[in-house]
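# Working through the structure, step by step
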Amino acid sequence: MIDKSSPLPLYHQIVEKIKKQIEQGELMPGDTVQSEREYAEKYEISRMTVRQAITQLTNEGYLYRLKGVGTFVAERKIEQPLSGLTSFTEDMETRGMKPSSKIINFEIIPASASIASQLNMKEHSPVYEIQRIRLADNEPIALEHTYISANLVKGLTEEIVETSLYKYIESDSKLTIQNATQVIEASIANEQEAEYLNIKKGVPVLLIQRNTFLKDNQPFEVVRSSYRSDRYKFMINMER
Ligand code: 16G
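Rules of the game
Residues numbered from 1 in each chain as written. Predicted model: local features only at pLDDT ≥ 70, side-chain atom pairs only at ≥ 80, totals over all residues. Heavy atoms only, no water. Core = buried A, V, L, I, M, F, W, Y, C linked by side-chain atoms within 4.5 Å. Buried < 20%, exposed > 50% of the residue type's maximum accessible area, 1.4 Å probe, protein only. Helix = DSSP H or I, 4+ residues; strand = E, 2+ residues; numbered from the N terminus. Contact = heavy atoms within 4.5 Å. Near = heavy atom within 4 Å. Polar contact = N/O pair within 3.5 Å; in protein donor to acceptor, adjacent residues only side chain to side chain. Areas by Shrake-Rupley, 256 points an atom, 1.4 Å probe, with all protein chains shown as cover. Expected span 1.5 Å × (residues − 1). Arc of directions from axis to C-beta. Domains from an automatic or database assignment. Patch = residues over 30% accessible without salt bridge, like charges linked within 9 Å, V, L, I, M, F, W, Y side chains within 5 Å. Salt bridge = Lys/Arg side-chain N within 4 Å of Asp/Glu carboxyl O. Pairing = 2+ DSSP bridges. Axes fitted to C-alpha atoms, helices over the stretch in contact; angles between N-to-C directions.

Named according to an unreviewed UniProt entry, the protein is GntR family transcriptional regulator originating from Bacillus spongiae.

It is worth spelling out the nonpolar core at this point. Taken as a class, soluble globular proteins show a tendency for nonpolar side chains to be buried jointly. Grouped together as the largest cluster of nonpolar side chains are 17 residues, with contacts concentrated most on Ile14, Ile18, Tyr39 and Leu63. When contributions to this core are tallied by element, the ones reaching two or more residues are helix H1 (10-23), helix H2 (36-43) and helix H3 (47-59). In this structure, Leu63 is in contact with Ile22, Val33, Ile54, Leu57, Thr58, Thr71, Phe72, Val73 and Ala74, ignoring residues within four places of it in sequence. By size, the runner-up hydrophobic cluster in this structure holds 15 residues, among which are Leu165, Tyr166, Ile177 and Phe220.

Before going further, it helps to spend a moment on the site of the ligand. The immediate surroundings of the ligand are formed by 16 residues, with Thr89, Glu144, Ser164, Arg210 and Glu221 found nearest. Within the backbone of Phe88, one N or O atom sits 3.0 Å away from an oxygen atom of the ligand. Here an oxygen atom of the ligand sits 3.0 Å away from a polar atom, N or O, in the side chain of Arg132. The fraction of the free accessible surface of the ligand (450 Å²) that becomes covered by protein chains is 98%. The set of elements that each furnish at least two residues to the shell around the ligand consists of helix H4 (88-94), strand E5 (126-136), helix H7 (165-172), strand E8 (204-214) and strand E9 (218-228). With three residues, E9 is the single largest residue contributor to the shell around the ligand.

Moving on to H3. Taking 1.5 Å of rise per residue, 13 residues should cover 18 Å, and H3 covers 18 Å from first to last C-alpha, within 8% of that figure. Within H3, burial applies to Thr49, Val50, Ala53, Ile54 and Leu57. Down the axis, H3 shows its buried residues gathered within 130° of arc, on one side only. Counted as exposed and oriented over 90 degrees from the buried face of H3: Met48 and Asn59. Its buried side turned inward, H3 meets H1, H2, strand E1 (63-66) and strand E2 (70-73). With its phi angle positive at about 85°, Gly61 sits one or two positions after the end of H3.

Quick look at the domain arrangement of the protein now. Looking at the assigned domains, one finds that the protein contains domain 1 (10-73) and domain 2 (78-235). The gap between the C-alpha centroids of domain 1 and domain 2 is 36 Å.

Taken together, the side chains of Leu82, Ile184, Ile236 and Met238 present a nonpolar region at the surface, about 390 Å² in accessible area. For Ile184, a relative accessible area of 33% gives the class partly exposed.

Quick look at the side chain of Gln131 now. By secondary structure assignment, the location of Gln131 is in strand E5. With residues near it in sequence (within four places) discarded, Gln131 still touches Lys102, Ile103, Ile104, Asn105, Glu144, His145 and Gln192.

A few words now on H1. Every α-helical turn comprises 3.6 residues, leaving residues that sit three or four positions apart pointing alike. If you check H1, its first and last C-alpha atoms are 20 Å apart, about what 14 residues at 1.5 Å a residue would give, namely 20 Å. What H1 keeps buried is the set Gln13, Ile14, Val15, Ile18, Lys19, Gln21 and Ile22. For H1, the elements touching its buried residues are H2, H3, E1 and E2.

Another point: the sheet that holds strand E7 (residues 177-188). Think of a sheet as strands paired side by side through backbone hydrogen bonds, with each pair either parallel or antiparallel. Pairing in this open sheet of six strands is antiparallel, and the strands run E4-E5-E6-E9-E8-E7 from one edge to the other. Bordering the open sheet on either side are strand E4 (99-110) and E7, each of which pairs with just one other strand. The sheet shows a mean angle of 15° between the axes of neighbouring strands, direction not considered. Bridge analysis of E5 against strand E6 (residues 139-149) gives 10 bridges, and the strand direction is antiparallel. Its bridge partner lying in E6, Ile130 is registered against Thr146. H7 contacts E5, E6, E7, E8 and E9 of the sheet and is inclined by roughly 160° relative to E9.

A few words now on the pattern of salt bridges. The final tally for this structure, using the stated rule, is 11 salt bridges. With a shortest N-O distance of 3.6 Å, Glu139 and Arg228 are connected by a salt bridge. Separated by 89 residues along the polypeptide, Glu139 in strand E6 and Arg228 in strand E9 bring together distant segments of the chain. Taking relative accessible area as the criterion, Arg228 reaches 7% and is therefore assigned buried. Residues joined in a network through salt bridges with shared partners are Glu139, Arg228, Asp230 and Arg231.

As structure tokens, this is what we get:
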């Protein structure tokens, strides 16, 4: 119930109540939430207070609004820890989700000056250029644009990159993936991202660039990925 004598603001109590209903599965992804008027009547509070709560839940990604249709419970975001150098396949399997990939492009091309310098190779050396949509439980989560040094990683095929690139590199190629640097920026979906990720053009996406190294600091991979910001968030533990 709502406790009007509590020092906690009323809108905050509504926020907590709806969050609890979502966490306990009483409200499921895709469910419609009650209208402002219904909540206001139920709890005998003003519609303004309800609106404030719904706005906060929308901003936090728990709910989403469809103009003229209603307010719905959003899918839960995948929370990705930023510790440990893991692959998409490993990340999804750890959560009990089924990873898969759709290949948009797979070819060997001569490296551009920028890619060559990041991969520590001569310009025009051969690199695999791979574009994949990464899916979790058949839902598109990220669009990855990968360059792999073809001098270091040999024998890659389209079939292999439909599953796990890292597994192939470590198990079949017997190379050791050691470390990576990763930069995360905010961006907005362009036409291609919108189409492949099943989102609207112009909505926020998380842009990630990973440069990955084998042992002895040999760069083998440059990846630019766009992650759906409505389905993905990053988490980091900090110590002091
Ligand atoms: C992750 C990596 C990507 C790597 C891929 C390998 C990020 C931002 N990117 O998606 O750099 O190429 O895993 O996944 O984490 P795979 O082994 O499943 O092909």
